[in-house]
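Structure assessment
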Amino acid sequence: MEHSLIFSCFFYLFIFASASSSSSSSSDQTALLSFKNSLSESSQTLSSWVNSSHPCLDSWYGVTCNPSTQRVTRLVLENLNLSGSVHTLSELTQLRLLSLKHNKLVTNSFTSLNLSAWPNIKHLYLSYNRLSGGFPSGISSLKRLHRIDLSYNEFSGHIPLSEVASLPRLLTLKLEGNAFDGSIDSGDLSSFSVVEFNVSDNHLTGKIPAWLSHFPASSFSGNGELCGEPLPRECYNKNNQSVHMPVKSRVEKKVSSWVVVMIVGIDTAAIVAAILTITCCCYYRKRKNSSGARGDVTKRKGGSHHPKIGGYYYGGGEAVGSEEMVVFEGCKGFSDVEDLLKSSAELLGKGSVGTTYKVEIDGGDMVVVKRVRERRRRRAEVGGWLRMIGGLRHSNIVSLRAYYNSKDELLMVCDFLANGSLHSLLHGNRGPGRTPLDWSTRLKLASGSAKGLAFFHGYNKAKLFHGNLTSSNILVDNCGNGCISDIGIHQILHSPPLSNIAYKAPELILNHNNIITYGRFTQQCDVYSFGVILLEILTGKTPSGEGETSLTKWVQKVPRDEWTWEVFDFELLRSKETEDEMVGLMQVALLCLAELPRDRPKMSMVHRMIEDIRNKGSAREAHSSGSILNDLSSDSSPSLSENAIDFSSSS
């Protein structure tokens, strides 16, 4: 009797749970159909959503369910030009991932978006819509939230950073391209654990708090009244006085724009004058020693040269006022003084070690001149190193064509590559109107730059290293190949600048009494830096921060089965096949980022692994093109959103 009673209780509980689950599943179906009916144009896009079928038992476009509970856990409807309200989706209470990017969805006129309807949400992507009103309410209740992207909408009002900071698992907060206003200083929120943060292009005011200052300036740009680090604008108090700038600096801040232009002009004139010196030396050398081979040294006040590692080594005395100019094979445009007098110099940028110019020689030839201003090693050491660098020739290395070396100045003349850098292609114009960098191009640039670096590391068994490898000094040639630039600069500096910390291997960052210094550079340090560049290629994110807030640490924390939505750049999600290749490249990157130098592969091995991924992709594309007639006969081509996601349920 007692056993029968227990069995009956369990039976009725099972019946109740089944009925409850069925009711909840039915409510999900109702919510999805209500959403479809609210859209102005949905008949074709969501044609699989019909009353006679079930979202979890049939193939509803963009819908993923938990097979055990028959509840909707993921909804992905991107780039579909959907016009309507998002409010009906609040009934999907078991959602873990909601992505509605790049549509025309709106919020109701008198009701703000309430996020508490999705208590289990982990990933919320609503960017590039027409959502308006204040910051969505209820965010403090989303304790499982990892990423939220509300960028490029019409939200306004105050950003509740104190509520956002209370979320223990939040990694991404993207709010750029809205109309948020007011201050973002909400007191001391040093526990703020977000690693990707962007509030650019809003109407924010006031000082950036110290606990946000480690993010790059691009995270805050486009807010005219926002000030403080990392922005270049200083903050002022009510009396219009700088709150953290001495009187002398305040006076200097008032220098008018025409003075700045004049300073730049003087700087440009100086580089032209220096190049003139190079040209005069070239001219002198041609007239006095026409039989001399290119690569020989033109010296003043003594010196000699000897072959060393395929180049030339300067071993002369360090006489006061001495100077030398070396022109290597392939140098163009320096045959006549008049050629340079007609040329123009354009400022390209100022880096950590000096200023870079683009110089157009008469006849259309372009060169890049880097003016190194940092403290350098002895001139003889510099000359010997640059002669070796000038002797290097490889299709994936930017060639050094000439240099001018004196006591006070060092000029390095290199090839000009008009297609820019990997950094600009990956991170430039991230917003409406951007042309995405496709996967095959990224993979080609990764392979080419790996090949160039592998050649440099293996050159004449000299154990050479770059020392300052970033995506900014991987340039793109006319054939779309990645080429390593700035080779040799790090080694000629007496004390290399502490810049680009996000690219540095952990064994390089030494902390003695809160003073950061460099350890000893090795080729394994270059391998680590290249691993960070591969992360840039895969994520589309700029490396920033250090320690636990770095791009490297963030990626290493994400489980592999979440790479697709957590890590990979959304511009790359095209098909399941390319996703497999991205996973392969991510594995290569993580090998490069090994904590211990001895665990990192050599660059020659890295290049072979990347080439293997490329070859598999080429074989796949060849197979696909061979069956194109079969593809054209099918009406059911998979969508971007469905191919970009693993359809296994997520708890």
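Residues numbered from 1 in each chain as written. Predicted model: local features only at pLDDT ≥ 70, side-chain atom pairs only at ≥ 80, totals over all residues. Heavy atoms only, no water.

1. Concerning the overall build of the chain
- In terms of regular secondary structure, the chain is built from 16 helices and 27 strands.
- The buried share of the chain, taken over its 651 residues, is 48%. (Helix = DSSP H or I, 4+ residues; strand = E, 2+ residues; numbered from the N terminus. Buried < 20%, exposed > 50% of the residue type's maximum accessible area, 1.4 Å probe, protein only.)

2. Notes on the sheet that holds strand β11 (residues 179-183)
- A sheet is described by the order of its strands in space; here five strands give the open sequence β7-β9-β11-β13-β14, paired in parallel fashion. At either end of the open sheet lies a strand with only one pairing partner, and these are β7 (132-133) and β14 (225-227).
- When strand β9 (residues 154-157) meets β11, the two strands line up parallel, connected through two bridges. Paired with G157 across the two strands is F180, which belongs to β11. (Pairing = 2+ DSSP bridges.)

3. Quick look at the nonpolar core
- Core analysis: the biggest nonpolar cluster contains 78 residues, and L386, L534, F568, L585 and I610 have the highest contact counts within it.
- In this view, L386 contacts F328, L400, Y403, L410, M412 and I492; residues no more than four positions away in its chain are not counted.
- Grouped together as the second largest cluster of nonpolar side chains are 61 residues, L32, V86, I139 and L175 included. (Core = buried A, V, L, I, M, F, W, Y, C linked by side-chain atoms within 4.5 Å. Contact = heavy atoms within 4.5 Å.)

4. A short note on unusual backbone geometry
- Here the bond from E229 into P230 is cis, since omega is 10°, no more than 30 degrees from zero.
- By the element assignment, P230 lies in the loop between β14 and α3 (247-253).
- Even without being a glycine, H102 presents a positive backbone phi close to 60°.
- Looking at where H102 falls in the secondary structure, it is placed in the loop between β4 (97-99) and β5 (104-106).
- The class for H102 is partly exposed, based on a relative accessible area of 27%.
- Positive phi, normally seen in glycine, also occurs at Y128, with a value near 55°.
- By the element assignment, Y128 lies in the loop between β6 (123-125) and β7.
- For Y128, a relative accessible area of 19% gives the class buried.

5. Some remarks on the state of the cysteines
- In the structure shown here, the tally under the stated rule is two disulfides.
- Through a disulfide, C56 is tied to C65; the S-S separation comes to 2.1 Å. Disulfide C56 to C65: torsion about the S-S bond roughly -80°, handedness left-handed. C65 shares its class with C56; the two are buried.
- The partner cysteine of C227 in its disulfide is C235, sulfur to sulfur 2.1 Å. Between C227 and C235, the disulfide has an S-S torsion of 110° and is therefore right-handed.
- With its disulfide-bonded cysteines labelled consecutively along the sequence, the chain is connected as 1-2, 3-4.
- As a non-bridged cysteine, C483 has C479 as the owner of its nearest cysteine sulfur, 9.1 Å distant. (Disulfide = S-S within 2.5 Å.)

6. Quick notes on the sheet that holds strand β10 (residues 172-174)
- Spatially, the seven strands line up as an open sheet ordered β1-β2-β4-β6-β8-β10-β12, and their pairing is mixed. Every other strand in the sheet has two partners, leaving β1 (63-66) and β12 (196-198) as the edge strands with one partner each. Sheet twist, expressed as the mean angle between neighbouring strand axes with direction ignored, is 15°.
- Examined bridge by bridge, β6 and strand β8 (residues 147-149) share three bridges and lie parallel to one another. Within the sheet, the bridge partner assigned to L124 lies in β8 and is I148. (Axes fitted to C-alpha atoms, helices over the stretch in contact; angles between N-to-C directions.)

7. Here's the deal with the confidence of the model for the chain
- Put simply, the chain has an average pLDDT of 75, and 69% of its residues get 70 or more.
- Of all the helices and strands in the chain, strand β16 (residues 305-308) carries the lowest mean pLDDT, 30, while strand β25 (residues 482-484) carries the highest, 95.
- Scored below 50 in pLDDT, residues 279-321 shows 89 contacts in the model against residues more than four places distant or in partner chains. (pLDDT = per-residue confidence, 0-100.)

8. Thoughts on the pattern of salt bridges
- Throughout the structure, instances matching the rule amount to eleven salt bridges.
- Ionic pairing is found between E571 and R442, a salt bridge with its closest N-O pair at 3.2 Å. Of this pair, E571 sits in the loop between α12 (563-566) and α13 (576-592) while R442 is found in helix α8 (residues 439-457), placing the two residues 129 residues apart along the sequence.
- The residue E507 makes a salt bridge to R600 at a minimum N-O spacing of 2.8 Å. Within this pair, whereas E507 is found in the loop between α9 (489-492) and β26 (509-512), its partner R600 is found in the loop between α13 and α14 (603-626), the two being separated by 93 residues in sequence.
- The network of salt bridges with common partners includes R442, D569 and E571. (Salt bridge = Lys/Arg side-chain N within 4 Å of Asp/Glu carboxyl O.)

9. Quick notes on the side chain of H394
- Turning to its location among the elements, H394 is positioned in the loop between α6 (379-390) and β22 (400-406).
- Apart from the residues within four sequence positions on either side, H394 is in contact with K451, G452 and F455.

10. Points about the packing of aromatic side chains
- Within this structure, the stated rule accounts for ten aromatic pairs.
- Seen in terms of ring centroids, F197 and F215 are 5.3 Å apart; in terms of plane orientation they differ by 35°. Their pairing is tilted. With F197 in strand β12 and F215 in the loop between β13 (203-207) and β14, this pair connects stretches of sequence that are 18 residues apart.
- By relative accessible area, F197 is classed as buried at 3%.
- Within the aromatic cluster, the residues linked to one another by ring pairs are F135, F155 and F180.
- K101 extends its terminal NZ or CZ atom over the ring of Y125, reaching a point 5.3 Å from the ring centre. (Phe/Tyr/Trp six-rings, centres within 6.5 Å; stacked < 30°, edge-to-face > 60°. Lys NZ or Arg CZ within 6 Å of the ring centre and 35° of its normal.)

11. Observations regarding the packing of α8 against helix α10 (residues 523-539)
- For the pair α8 and α10, the least separation of the axes is 11 Å and the interaxial angle reads 175°. Compared by their axis directions, α8 and α10 come out roughly antiparallel. On α10, the residues touching W439, R442, A446, S449, A450, L453 and H457 of α8 are Q523, D526, F530, L534, I537 and L538.
- Of the residues assigned to the contact of α8 with α10, the class counts are eight nonpolar, three polar and two charged. (Parallel < 35°, antiparallel > 145°, perpendicular 65-115°, else oblique. Nonpolar A, V, L, I, M, F, W, Y, C, P; charged D, E, K, R; others polar.)

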